[in-house]
Amino acid sequence: MISMGTVAAVRRYPVKSMLGEALVSVMVTRAGLSGDRSHAVLDETGAIGSVKHPRKWGPLLGCRSRLAEGTVAVELPDGVIRTVGDPDLDARLSKLLGRHVFVSASAPSHSTLERAVPEYEGGVPDSLRPMAFVDDTGERITAGKVASGTFFDYGRVHLVTTSSLTRLRSIYPGGDFDPRRFRPNLVIDTGEGPPFVEDGWQDWQLRVGEALFRVVVPTPRCVVPALGHDELGADPGIMRAIAREHRIHVFDLGRLACLGVYLDVLEPGEVRLGDSITTG
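Enquirer: Just to check I follow, could you spell out the environment of P268 for this structure?
Expert: Tracing the sequence through the fold places P268 in the loop between β18 (255-267) and β19 (269-272). P268 gets classed as partly exposed once you look at its relative accessible area, which sits at 41%. With 37 residues separating them along the chain, P268 and E231 place their C-alpha atoms 34 Å apart. Ignoring any residue separated from it by four or fewer positions in sequence, one finds P268 in contact with V28, T29, R30, E210 and A211.

Enquirer: Honestly, the sheet that holds strand β11 (residues 133-134) in this entry has me stumped. Any pointers?
Expert: Paired through backbone hydrogen bonds, the strands of a sheet run either parallel or antiparallel to each other. Strand order in the open sheet formed by 3 strands is β10-β12-β11, and the pairing between neighbours is antiparallel. Strands at the two margins of the open sheet, each flanked by one partner only, are β10 (113-116) and β11. Inspection of the sheet shows β10 paired to strand β12 (residues 140-144) by 4 bridges, in the antiparallel sense. Within the sheet, the bridge partner assigned to R115 lies in β12 and is T142.

Enquirer: Sorry if this is basic, but what is going on with the packing of aromatic side chains here?
Expert: Given two aromatic rings, one states the distance between the centres and the angle between the planes to describe the pair. Within this structure, the stated rule accounts for 4 aromatic pairs. Ring centres of Y172 and F177 lie 6.1 Å apart, and the angle between their planes is 90°; on these two criteria the pair is classed as edge-to-face. Classification of F177 as buried rests on a relative accessible area of 0%. Above the face of the W57 ring, R99 is positioned so that its terminal group lies 4.3 Å from the ring centre.

Enquirer: I keep staring at the environment of R169 and nothing clicks. Help me out?
Expert: Looking at the element boundaries, R169 is found in helix α3 (residues 162-171). C-alpha separation for the pair R169 and A91, spaced 78 residues apart in sequence, amounts to 41 Å. In this view, R169 contacts F177, D178 and P179; residues no more than four positions away in its chain are not counted.

Enquirer: I keep staring at the pattern of salt bridges and nothing clicks. Help me out?
Expert: Note that side chains of opposite charge can pair when their charged atoms are close. Using the criterion set out here, one finds 23 salt bridges in the structure. With a closest N to O distance of 3.3 Å, E139 and R55 form a salt bridge. With E139 in the loop between β11 and β12 and R55 in helix α1 (residues 54-57), the pair connects residues that are 84 residues apart, well separated along the chain. What you see here is one network of salt bridges that share partners, running through D43, K56, R99 and E114.

Enquirer: Please clarify how the sheet that holds strand β7 (residues 71-75) should be interpreted in this entry.
Expert: Taken together, 3 strands build an open sheet; the order of strands is β6-β7-β8 and the sheet is antiparallel. Because the sheet does not close on itself, it has two edges, and the strands there are β6 (64-68) and β8 (81-83). The mean inter-strand angle of the sheet, taken between neighbouring strand axes irrespective of direction, is 25°. Pairing analysis gives 5 bridges linking β6 to β7, with the strands arranged antiparallel. Its bridge partner being in β7, R66 is matched across the sheet by A73.

Enquirer: Explain helix α2 (residues 87-97) here, please?
Expert: Each α-helix turn comprises 3.6 residues. Residues three or four places apart therefore point the same way. All of the buried residues in α2 are L89, L93, S94 and L97. Each buried residue of α2 sits inside an arc of 135° when the element is viewed along its axis, so together they form one side. Relative to its buried face, α2 has exposed residues pointing more than 90 degrees away, namely P87 and K95. Structurally, α2 contributes buried residues whose contacts are with β5 (40-43), α1, β7, β8 and β9 (101-104). Between the side-chain oxygen at the start of α2 and the backbone nitrogen of D88 there is a gap of 2.8 Å, and the oxygen is on D86. Directly after α2, the chain includes G98, whose backbone phi takes a positive value near 80°.

Enquirer: Help me understand the packing of α3 against helix α4 (residues 237-245) in this model?
Expert: How two helices sit against one another is set out by the angle between their axes and by the gap between those axes. Where α3 contacts α4, the two axes come as close as 10 Å, and the packing angle between them is 105°. Judged by the angle between their axes, α3 and α4 are roughly perpendicular. Contact residues: R167, L168 and I171 in α3; A241, I242, R244 and E245 in α4. Partitioned by chemical class, the residues of the contact of α3 with α4 number 4 nonpolar, no polar and 3 charged.

Enquirer: Explanation requested: α4 in the structure shown.
Expert: Among the residues of α4, G237, I238, M239, A241, I242 and A243 are the ones counted as buried. The inward-facing, buried residues of α4 contact α3, β17 (247-249) and β18.

How each quantity is defined
- Note on numbering: residues in each chain are counted from 1, in written sequence order.
- Totals for whole chains, interfaces and linings use all residues, but because this is a predicted model, local features are given only for residues with pLDDT of at least 70 and pairs of side-chain atoms are given and counted only at 80 or more.
- Values shown for side chains rest on all heavy atoms present in the structure; no hydrogens or waters enter the calculation.
- Secondary structure elements follow DSSP: runs of H or I no shorter than four residues count as helices, runs of E no shorter than two count as strands, and numbering proceeds from the N terminus.
- The cut-offs for exposure are 20% and 50% of the maximum accessible area for each residue type, with area from a 1.4 Å probe on protein chains only; residues under the lower value are buried, those over the upper are exposed, and the others partly exposed.
- Here a residue-residue contact requires only that any non-hydrogen atoms of the pair lie within 4.5 Å.
- At least two DSSP bridges between two strands are required for those strands to pair.
- Centres within 6.5 Å are what make two rings of Phe, Tyr or Trp a pair, Trp counting through its six-membered ring; a difference in plane orientation under 30 degrees is then read as stacked, over 60 as edge-to-face, and the rest as tilted.
- Charge-over-ring contacts are defined here by two conditions on Lys NZ or Arg CZ: a distance within 6 Å of the ring centre and an angle within 35 degrees of the ring normal.
- By convention in these notes, a salt bridge is any Lys or Arg side-chain nitrogen within 4 Å of a carboxyl oxygen on Asp or Glu.
- Only the contacting stretch of a helix is used when fitting its axis, a line to C-alpha atoms as for every element, and angles between N-to-C directions run 0 to 180 degrees.
- The directions considered for the arc run from the helix axis to the C-beta atoms.
- Here a polar contact is taken to be a pair of N or O atoms separated by no more than 3.5 Å, where protein atoms must pair a possible hydrogen donor with a possible acceptor and residues adjacent in sequence count only if both atoms sit in side chains.
- Convention used here: angles under 35 degrees read as roughly parallel, angles over 145 as roughly antiparallel, angles from 65 to 115 as roughly perpendicular, and any remaining angle as oblique.
- In the scheme used here, Gly and all other residues not listed as nonpolar or charged are polar, with Ala, Val, Leu, Ile, Met, Phe, Trp, Tyr, Cys and Pro taken as nonpolar and Asp, Glu, Lys and Arg as charged.

And the structure:
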């Protein structure tokens, strides 16, 4: 077995596009980290709340979701905490977003996921740019779907490495490349390893603690890392730096700005801080 690094952080996000929680350990199921993206905020059109469209859904990043004893709790920007299923939570989120919304555990068949189209190259597949349109917010967007039966954009687990973040800091020293900006489930400490080492892991099997994963594809980045997260301020230079430094081919979508990789789960099990990640 070849050691690739150790688990430096474990995070989950019970409600899509809200801030999440740091964990010491977590059970990984076939569907991903237990409780991750189990819920999302929807509006009456079926649009899924995603800060990939920040003009429409940006206030969600001011909320924090946690899972405790099977219940998802949401802390709103004013500090009020309500649990999913409480009508007052939907009412408060509706006021925050300026239209009627509700928290759901399932996506309707007509649901859509909207993404803002950035100006820099690699922020969206070139084939999708002609399909973009300007919506009621004045933002140029594309509209698609989440992974079937889930609220995931694509892979069930998202991993980033410290060596890649270190490289990005070196080319844009003014940026704060805190891994929380990238909303990973697993941050892997790769020490003095080469930047973007994870690019070469595609189709590899990775053992992390008790769980076994398969690396599916590099993770294309959108506008989200450039937004304000908790105490991390907004910084459009974050994504521009990635687009300059690391555009790679993803499937047949062309060269996209990427950081990290998506994983599928082959064998469930527990993952803990400090666990080794190995292959071979």
